[in-house]
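# Fold and geometry: a report
What follows is each chain in one-letter form.
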Amino acid sequence: IKSIAVLPFENVSADSDLEYLSDGITESIIDKLAQLPSLRKVTARSSVFKYKGKEVDPQSAGRELGVDAVLVSRMSRYGDGLSIDVELMKVKDSSRIWGKQYRTKLPEIFAIQEEITNSITDNLRLRLTGKELERMRKRYTENTEAFVAYSRGRYFWNKRTEQDLKRAIEYFEQALHIDRNYALAYTGLSHSYLLLPEYGSLAPKEAYPKAKETAMKALEIDEMLADAHVSLAQLKRRYDYDWVAAERECKRAIKLNPNYSTAHHWYGYDLMCMTRFSEAIRQIRRALELDPYSLVINRNLGQVLYRAGRYDEAIEVLQRTMVMDPNFSYIHFHLGYIYLQKSMYDKALEEFQKERELARGWASRAEVWIGIVYAKMGQQEKAREILTDLIERSNQEYISQTMLAVLYFSLGEDHKGFQRLEKAYEEFDTWLRLIRVEPLFDRVSKDPRFKALLKKSGLEH
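Residues numbered from 1 in each chain as written. Predicted model: local features only at pLDDT ≥ 70, side-chain atom pairs only at ≥ 80, totals over all residues. Heavy atoms only, no water.

## A closer look at the state of the cysteines
To be explicit about the condition: In what follows, a disulfide is any cysteine sulfur pair within 2.5 Å. For the exposure calls, accessible area comes from a 1.4 Å probe over protein chains only, and a residue counts as buried if that area is under 20% of its type's maximum, exposed if over 50%, partly exposed in between.
For the structure shown, the criterion picks out 0 disulfides. There is no disulfide at Cys250, and the cysteine sulfur nearest it, in Cys273, is 11 Å away. The exposure class of Cys250 is buried, given its relative accessible area of 4%.

Shown next, in the form of structure tokens:
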């Protein structure tokens, strides 16, 4: 047995705190097992949580997830104690590998969690090195209240909207208020601040220093924490423009946790930005192998295929992702990009307008691309109206200077476009990373100003 899925602990009590506790235990066991190189695949949280709250046949779930074994668990409260039933099963024939019932008190939950994880490794006959055993026994907090707060934060972080990211920050801070040395809560903050400029209106200049401070704090507490190295990789690229150091940190994270889907996912995205498309697709597909039902990874596979010029494959992937959740962020954006490149302007406009309707904090980005479509259709006046409105709004809210530059270039105003790109560089605009792979920059790519920008932003040596 080389692969496993830990299905969500079923909470059979009407208790919301127990709900988050059960989610947190599920994720903790996944994270500990994911660090073991002897397991080829440990299915990530977002894919196993597809089955949360549903009556599911473990064998069917295991086949869908492509694993050899599944862990099925139930948790309930009795008086001031907890009852936990766990069963490890083979997917091939539904035979029972191991199972146990625990009756425990809440403060002992971490010891039970460790025993479950150790029993899985023992029964799967995994040979662990001394370092691996040490990592498996690592406790990031001894406080159950801090653990529940962190678990709540992770729940909202996975939703990928501005409002939910802000709620996630509140819970991560709550966890740290209880336990100041909770390294995972620091990485939760770092990941949240990294995403807010993309999914909300917080300027990178405000977000990235906070992301860096919290990532470094996590590494001070635990230098071996893969989550923190993933954060640091993004900051090396976005905030320091040091792509070599960013790649080094990505590889470090993957070495520490070979089954960490986010590390493969974000590394693949960076490789795309460097035009290393074959490597990028390989990393994103590995992330999908670990987390097949992740909306964001499926969506970004579509984006990588689009950037690689494989438009039809990209459309197929994005449409498949839309079936999973038609309202998920940026799917219509990426479809719009592809239709724009195929000169299917009416369809592109339709997709960008849908994104504007669904936008949760990034409607201005949809407006930029609607303006670009109008410019491409020869409706310059409409495009300029949008541009004027966006520039006025940029005084009150954060609007990507890179995107404004694309709109200027689409209108043939290259000088103003380059002014915006310089501003994007100064503001650490996260969208600047795409200038080497965005086809709308092709027309100005030979301009010395463009080449100079590529060099100083680390995209060309």
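## Some words on the nonpolar core
To be explicit about the condition: Side-chain atoms within 4.5 Å link the members of a nonpolar core, which is a set of buried Ala, Val, Leu, Ile, Met, Phe, Trp, Tyr and Cys residues. Numbering of helices and strands runs from the N terminus, with a helix taken as a DSSP run of H or I at least four residues long and a strand as a DSSP run of E at least two residues long. Note on contacts: a residue pair is in contact if any heavy atoms of the two residues lie within 4.5 Å.
One finds Leu33, Ile116, Tyr182, Trp369 and Leu421 to be the most contacted residues of the largest nonpolar core, which totals 163 residues. Of all the elements, helix α8 (residues 183–199) adds the most residues to this core, at 10 residues. In this structure, Ile116 is in contact with Phe9, Ile29, Leu71, Val86, Trp98 and Tyr102, ignoring residues within four places of it in sequence.

## Things to note about the pattern of salt bridges
Put simply, the rule reads: By convention in these notes, a salt bridge is any Lys or Arg side-chain nitrogen within 4 Å of a carboxyl oxygen on Asp or Glu.
Using the criterion set out here, one finds 36 salt bridges in the structure. For Glu162, the salt bridge identified is with Lys166, shortest N-O distance 3.5 Å. Taken together, the positions of Glu162 and Lys166, both in helix α7 (residues 162–178) and 4 residues apart, correspond to about one turn of that helix. For Glu162, a relative accessible area of 14% corresponds to the buried category. One salt bridge in this structure joins Arg252 and Glu223, with 2.9 Å as the shortest N-O distance. Highlighted residues: Arg252 in helix α11 (residues 243–256) and Glu223 in the loop between α9 (204–221) and α10 (226–238), separated in sequence by 29 residues. The exposure class of Arg252 is partly exposed, given its relative accessible area of 29%. Here the salt bridges share partners, and the residues they tie into one network are Glu247, Lys251, Arg276 and Glu279.

## Quick look at the packing of aromatic side chains
The criterion, for reference: Pairs were defined over the aromatic rings of Phe, Tyr and Trp, the Trp ring being its six-membered one, requiring ring centres within 6.5 Å. Orientation was assigned from the angle between planes: stacked under 30 degrees, edge-to-face over 60, tilted for the rest.
Enumeration over the complete set of coordinates arrives at 23 aromatic pairs. With a centroid separation of 5.6 Å and an interplanar angle of 40°, the aromatic rings of Tyr150 and Phe172 are classed as tilted. Taken together, the positions of Tyr150 in helix α6 (residues 144–157) and Phe172 in helix α7 put the pair 22 residues apart, joining distant regions of the chain. Here Phe172 falls in the buried class, since its relative accessible area comes to 0%.

## Some remarks on helix α4 (residues 109–123)
This is how the line gets drawn: The length a helix should cover is 1.5 Å for every residue beyond the first.
With 15 residues, α4 should reach 21 Å at 1.5 Å per residue; the first-to-last C-alpha distance of 21 Å fits that figure. Looking at α4, one finds that the buried residues are Ile109, Phe110, Ile112, Gln113, Glu114, Ile116, Thr117, Ser119, Ile120 and Thr121. Looking at the residues trailing α4, positive phi occurs at Arg125, about 55°.

## Some thoughts on the pairing of strand β6 (residues 96–105)
This is how it is decided: Any two strands between which DSSP finds at least two bridges are classified as paired.
With 9 bridges joining them, strand β5 (residues 81–90) and β6 adopt antiparallel strand pairing. Its bridge partner lying in β6, Leu82 is registered against Thr104.

## Focus: the packing of helix α1 (residues 16–34) against α6
Filter applied, for reference: Axes here refer to lines fitted to C-alpha atoms; in helices the fit is confined to the stretch in contact. Angles between the N-to-C directions go from 0 to 180 degrees. Here the word oblique covers every angle except those under 35 degrees (roughly parallel), over 145 (roughly antiparallel) and from 65 to 115 (roughly perpendicular). Classes in brief: Ala, Val, Leu, Ile, Met, Phe, Trp, Tyr, Cys and Pro nonpolar; Asp, Glu, Lys and Arg charged; the others, Gly included, polar.
Where α1 contacts α6, the two axes come as close as 8 Å, and the packing angle between them is 80°. Relative to α6, the element α1 lies roughly perpendicular. Only Phe147, Val148, Ser151, Arg152, Arg154, Tyr155 and Phe156 of α6 make contact with α1, whose side of the interface consists of Ser16, Asp17, Tyr20, Leu21, Gly24, Ile25, Glu27 and Ser28. Across the contact of α1 with α6, the residue classes tally to 7 nonpolar, 4 polar and 4 charged.

## Some thoughts on the environment of Leu176
Here Leu176 is to be found in helix α7. Distance in space between the C-alpha atoms of Leu176 and Asp312 is 46 Å, their sequence separation being 136 residues. Once you skip the residues sitting within four places of it in the chain, Leu176 turns out to touch Tyr182, Ala185, Tyr186 and Leu189.

## Quick notes on the packing of α6 against α7
Relative placement of two packed helices is described by the angle separating their axes and the distance separating the axes. The condition that has to hold: Note on convention: the crossing is left-handed when the near helix lies turned anticlockwise from the far helix by less than a right angle, right-handed when the turn is clockwise.
The geometry of α6 relative to α7 is characterised by a closest axis approach of 8 Å and an angle of 165° between their N-to-C directions. Judged by the inter-axis angle, α6 sits roughly antiparallel to α7. The handedness of the crossing between α6 and α7 is left-handed. Counting all contacts with α6, which are made through Glu145, Ala146, Ala149, Tyr150, Arg152, Gly153, Arg154, Phe156 and Trp157, the residues of α7 involved are Asp164, Leu165, Arg167, Ala168, Tyr171, Phe172, Gln174, Ala175 and Ile178. Here the contact of α6 with α7 is composed, by residue class, of 11 nonpolar, 2 polar and 5 charged.

## Quick notes on the environment of Leu184
Relative to the helices and strands, Leu184 resides in helix α8. Exposure remark for Leu184: the relative accessible area of 10% places this residue in the buried category. Considered as a pair, Leu184 and Asp222 are 38 residues apart in the sequence and their alpha carbons are 9.3 Å apart. Excluding its chain neighbours within four sequence positions, the residues that come into contact with Leu184 are Tyr140, Tyr150, Leu225 and Asp227.

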